[in-house]
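Coordinate inspection notes
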Amino acid sequence: MQATRAQILDALSDGPRTGPKLAEELDITRAAVWKHIEALREDGFEVVSNAAGYELEAVPDYGASAVEFGLDAPYEVEYHDSIDSTNRRGRELAGDGREDIVVLADEQTGGRGRLKREWSSPSGGIWLSLLLRPTMPTTHAPLVTMAAAVATAEAVASTGVEPEIKWPNDVLVDGKKVSGILTEMEGEADRISWLVVGIGINANVDIESLPEDRATSLRELCGDVDRREVVQTLLESMSELVADRDRILSAWRARSGTLGRRVSVETPNGEIVGEAVDVESPGALLVDTADGRERVTVGDCEHL
Ligand code: BTN
């Protein structure tokens, strides 16, 4: 959000302010204050003007300014009512040299899932991609995806439902998938150039619009949620974890529904069946099988 507008919103969050007071505090002219207030109104902020001065009455439901307002994370937000894929747009922004930007959409017309599957993304969901440039070798990228799974689980939990993470990064509620993550990356062996972490949460959508019979939505589980709050919780949790990578695996273990379970993992080298006992940096699953311990780095995991 434009810096002066953010400062005006900060000031109005503390209570009403007159135009002259705002002009003095921000060191701008009264005409400039008026222009910025008008721009905020156009963005959906309800700013009334009364005897006490300007007063912030309501914040827009969703969109870039809504999510950026009060967000305690260093990310800029780009919003689309409809886009083909936020990951595709994230990659484009990566090509433009950008970073720490979130592409958020109400609807995707060409949402992409893992293993080249389609990802159904009707209006009302939370479809976002976060473009990051973390300083780490490419082999450590799974750690960032695991951080995204934890952040997503925390955001889902903030709505009152109880999520669990299925290795490596699906978020389930009552065994059904409510969220999926697709990370795309470019870099050399020893250095990530960029990462686009795409997160889809079936939020305010009907389950009939979702293809898998093992999918669910927050609408189905607890009724419609405040997407602005959910996205803010997700981004704040993500920025904390990315800044403190040592915490990622322990946070993942605390939210895991996989550890301690019998699992079957379809890997490129065949199926592995056994008890999932732990995860190891940068995200490998340790499975105790009849023939000993296996360290699984890629695969499709099913809880048995
Ligand atoms: C999966 O298959 O489980 C991963 C699904 C990832 C979907 C998200 S929605 C936002 C972002 N944009 C996309 O096209 N895909 C990801």
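Preceding block: the structure.
Once that is clear, we can look at the pairing of strand β1 (residues 46–50). As judged from the five bridges shared by β1 and strand β2 (residues 53–58), these two strands associate in the antiparallel manner. Across the sheet, the residue bridging to Val-47 is Leu-56, located in β2.

Turning to the site of the ligand, a few remarks are in order. Around the ligand, 19 residues are found, and the nearest of them are Ser-85, Gln-108, Arg-112, Arg-114 and Lys-177. Within the side chain of Lys-177, one N or O atom sits 2.6 Å away from an oxygen atom of the ligand. Look at the ligand: alone it shows 420 Å² of surface, and the protein chains cover 98% of it. Mapped onto the shell around the ligand, the elements with two or more residues apiece are α5 (86–95), β5 (126–132), β8 (176–188) and β9 (191–201). Looking at which element gives the most residues to the shell around the ligand, the answer is β8, with four residues. Among the residues making up the shell around the ligand, the classes are represented as five nonpolar, ten polar and four charged.

A complete count under the given rule lists two aromatic pairs for this structure. Aromatic pair Phe-45 and Phe-69: ring centres 5.7 Å apart, planes at 80°, arrangement edge-to-face. One end of the pair, Phe-45, is in the loop between α3 (30–42) and β1; the other, Phe-69, is in the loop between α4 (64–68) and β3 (76–83), with 24 residues separating them in the sequence. Given the relative accessible area of 1%, Phe-45 is considered buried. Assessed through its relative accessible area of 13%, Phe-69 is described here as buried. Aromatic pair Tyr-62 and Tyr-79: ring centres 5.8 Å apart, planes at 80°, arrangement edge-to-face. With Tyr-62 in the loop between β2 and α4 and Tyr-79 in strand β3, the pair connects residues that are 17 residues apart, well separated along the chain. Residue Tyr-62 is classed as buried on the basis of its relative accessible area of 14%. For Tyr-79, a relative accessible area of 25% corresponds to the partly exposed category. Lying over the aromatic face of Tyr-62, Arg-227 brings its terminal NZ or CZ to 3.9 Å of the ring centre.

Procedures and definitions
Residues numbered from 1 in each chain as written. Predicted model: local features only at pLDDT ≥ 70, side-chain atom pairs only at ≥ 80, totals over all residues. Heavy atoms only, no water. Pairing = 2+ DSSP bridges. Helix = DSSP H or I, 4+ residues; strand = E, 2+ residues; numbered from the N terminus. Near = heavy atom within 4 Å. Polar contact = N/O pair within 3.5 Å; in protein donor to acceptor, adjacent residues only side chain to side chain. Areas by Shrake-Rupley, 256 points an atom, 1.4 Å probe, with all protein chains shown as cover. Nonpolar A, V, L, I, M, F, W, Y, C, P; charged D, E, K, R; others polar. Phe/Tyr/Trp six-rings, centres within 6.5 Å; stacked < 30°, edge-to-face > 60°. Buried < 20%, exposed > 50% of the residue type's maximum accessible area, 1.4 Å probe, protein only. Lys NZ or Arg CZ within 6 Å of the ring centre and 35° of its normal.

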